[in-house]
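Remarks on the overall topology
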Amino acid sequence: MTGLGAVFRPQLPPERLRAVVQLADTAGLEELWLWEDCFREGGISAAAAALAWSERVRIGVGLLPVPLRNVAITAMEAATLHRLFPGRAVLGVGHGVQDWMGQVGARVESPVTLLREHLDALRALLRGERLTTAGRYVTLDDVGLDWPPDGPVEILAGATGPRTLRLSGAAADGTILTASTAPDGVRRARQLIDEGRESAGRTEPHRVVVYLLTATGPDAAARLRAELADEGLESVPDLGVAGDAGTVAKAVQRLAEAGADTVVLQPTGDEPDPEGFVRFAAEEVRALVP
């Protein structure tokens, strides 16, 4: 079965999160995803609150920008979430938007090297290992978690370019693809991810999560066109979907057939009814997605 989720976009103020989370939980949504976009809302703090306000929905953070975070802090926070809320936190890490990283003095010369070092160290720490390493960006001296997770932890990587997609296949447990990824792009990403997995001898499943820009309601088509235009993507075919549950479900299925394991419906930035959008995903679209 294709996984289905929705995004709580950080264009909404943090105080709106509780109502959306609780609705997602009661409506049966599988995953609610949060973004740590600069300079809006903190990913870990929002995820902890969302997990505390709910009982069953999984909470994803896609993604935490690694230039902003010492890997030991990432590991401590990830482990804490997984011990407090076993099996319900899904964390993704990635380069972050380079302009934003530059604004805070965190931009690095080689984002791919940093992400590789961060992923390797993070996954080792979460496995309960003690780690000493001296990389280009990540340096640890006999570091281990006092309270590692009780079991395996899924760490995803956000990726767009070929080098990062191969890296994600080699060093992460799954990959997050942005809403600028059409079905053909998912197929290409899967190929590159598999190349990375093969090079690293990885044989375990690798989950691919894809955001799908989605609009529904009477002005759906206009809102979708406006957002694609704002992102400079209006000329890219097969991006986004506007329409009723049946139309959205078909778009989800096209991404699934291209290689997506989970499709996360991403509302437009001006979505007028975030709670209604979550209910639409959980109650109407879910029933139509095999």
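Provided above is the structure to which this section pertains.
First, a word on what this report is: a plain description of the structure on this page. Keep in mind it's a predicted model, so treat the numbers as computed, not measured.

Thresholds, definitions, all that
Counting of residues starts from 1 at the beginning of each chain's written sequence and follows it residue by residue. Per-residue local features are limited, in this predicted model, to residues with pLDDT of at least 70; the limit for side-chain atom pairs, both in listing and counting, is 80 or more; totals at the level of whole chains, interfaces and linings are taken over all residues. The side-chain figures draw on all heavy atoms in the structure; neither hydrogens nor water molecules are used. Throughout, an axis means a line fitted to C-alpha atoms (over the contacting stretch in the case of helices), and angles, computed between N-to-C directions, take values from 0 to 180 degrees. Note on conventions: DSSP H or I runs of at least 4 residues are helices, E runs of at least 2 residues are strands, and numbering of each starts at the N terminus. Angles below 35 degrees are treated as roughly parallel, those above 145 as roughly antiparallel, those between 65 and 115 as roughly perpendicular, and all remaining angles as oblique. When the near helix sits turned anticlockwise from the far one by under a right angle, the crossing is termed left-handed; a clockwise turn instead gives a right-handed crossing. Contacts were defined at the residue level, with two residues in contact if any of their heavy atoms lie within 4.5 Å. Only Asp, Glu, Lys and Arg are considered charged in this grouping, and only Ala, Val, Leu, Ile, Met, Phe, Trp, Tyr, Cys and Pro are considered nonpolar; every other residue, Gly among them, is considered polar. Burial classes: relative accessible area under 20% of the type maximum marks a residue as buried, over 50% as exposed, and values in between as partly exposed (1.4 Å probe, protein chains only). Only buried Ala, Val, Leu, Ile, Met, Phe, Trp, Tyr and Cys residues count toward a nonpolar core, and they belong to the same one when joined by side-chain atoms within 4.5 Å. In this tally Asp and Glu are treated as negative and Lys and Arg as positive; neither His nor the chain ends contributes. Here a salt bridge means any side-chain nitrogen of Lys or Arg lying within 4 Å of a carboxyl oxygen belonging to Asp or Glu. Under the rule applied, a polar contact is a pair of N or O atoms within 3.5 Å (in protein, one hydrogen donor and one hydrogen acceptor; residues adjacent in sequence only if both atoms are side-chain atoms). The definitions used throughout rest on a 1 Å grid laid over the protein atoms alone, on which a cavity is an enclosed set of points accommodating a 1.4 Å probe that cannot get out and a pocket is an open set flanked by protein within 12 Å on both sides along at least five of seven lines; lining residues are those having an atom within 4 Å of a point. Grid points are joined across faces, edges and corners, and a volume is the space filled by probe spheres set on the points.

Looking now at the packing of helix 5 (residues 111-126) against helix 6 (residues 162-171). Helix 6 packs onto helix 5 with a crossing angle of 15° between their chain directions and a minimal axis gap of 11 Å. The angle between the axes of helix 5 and helix 6 places the two elements in the roughly parallel class. Considering only the axes of helix 5 and helix 6, their crossing is right-handed. Seen from helix 5, the contacting residues are V112, L115, R116, L119, D120 and R123; seen from helix 6, they are R163, T164, L167, A170 and A171. In the contact of helix 5 with helix 6, the residues fall into six nonpolar, one polar and four charged.

Before going further, it helps to examine unusual backbone geometry. Of note, the bond from C38 into F39 is cis; its omega dihedral lies within 30 degrees of zero at 0°. Tracing the chain through its elements places F39 in the loop between strand 2 (31-34) and helix 2 (43-52). Cis rather than trans, the peptide bond between G62 and L63 has omega equal to 20°. Phi at D238 takes a positive value of approximately 65°, unusual for a residue other than glycine. Mapped onto the elements of the fold, D238 is located in the loop between helix 8 (220-230) and strand 10 (241-242). Residue D238 is classed as exposed on the basis of its relative accessible area, which comes to 61%.

Contact geometry of helix 3 (residues 71-84) with helix 5 gives a least axis separation of 9 Å together with a crossing angle of 40°. Judged on the interaxial angle alone, helix 5 and helix 3 are oblique. Between helix 3 and helix 5 the crossing geometry is right-handed. Of the residues in helix 5, those in contact with V71, A72, T74, A75, A78 and A79 of helix 3 are H118, A121, L122, L125 and L126. In terms of residue class, the contact of helix 3 with helix 5 is made up of nine nonpolar, two polar and no charged.

To continue, consider the nonpolar core. Formed by 80 residues in total, the largest nonpolar core has its most connected members in L32, L126, L265 and V285. Ignoring sequence-local partners within four residues, the contact set of L126 consists of A75, A78, A79, L145, P148, P149, V153 and I155. In terms of nonpolar packing, the next biggest core, distinct from the first, is built from 17 residues, V7, W33, W35 and V90 among them.

What follows concerns the side chain of E117. You can see E117 is positioned in helix 5. R136 provides the closest opposite charge to the buried, unpaired E117, separated from it by 6.8 Å. A polar contact of 2.7 Å, which involves the side chain of E117, links it to the backbone nitrogen of R136. In this view, E117 contacts G135, R136, Y137 and V138; residues no more than four positions away in its chain are not counted.

Of the voids in this model, the largest pocket is the one considered here, and its volume is about 1,000 Å³. Lining the largest pocket are 39 residues, and of these W35, D37, V97, W100 and T178 lie nearest its centre. Contributing elements (two or more residues each) for the lining of the largest pocket: strand 3 (58-65), helix 4 (98-103), strand 8 (174-177), strand 9 (207-215) and helix 8. Of all the elements, helix 8 adds the most residues to the lining of the largest pocket, at five residues. In terms of residue class, the lining of the largest pocket is built from 17 nonpolar, 13 polar and nine charged.

Attention now moves to the environment of V57. When you line up the elements, V57 lands in the loop between helix 2 and strand 3. Separated by 30 residues in sequence, V57 and A27 have C-alpha atoms that sit 9.5 Å apart. Excluding residues that lie within four positions of it along the chain, V57 makes contacts with A24, D25, L29, E30, E31, L32 and R88.

What follows concerns the pattern of salt bridges. A side chain with one charge may pair with a side chain of the opposite charge, provided their charged atoms come close. For the structure shown, the criterion picks out 25 salt bridges. With a shortest N-O distance of 2.9 Å, E77 and R69 are connected by a salt bridge. Owing to a relative accessible area of 26%, E77 belongs among the partly exposed residues under this scheme. Among the ionic contacts, a cluster of salt bridges with common partners joins E31, R58, E154 and R207.

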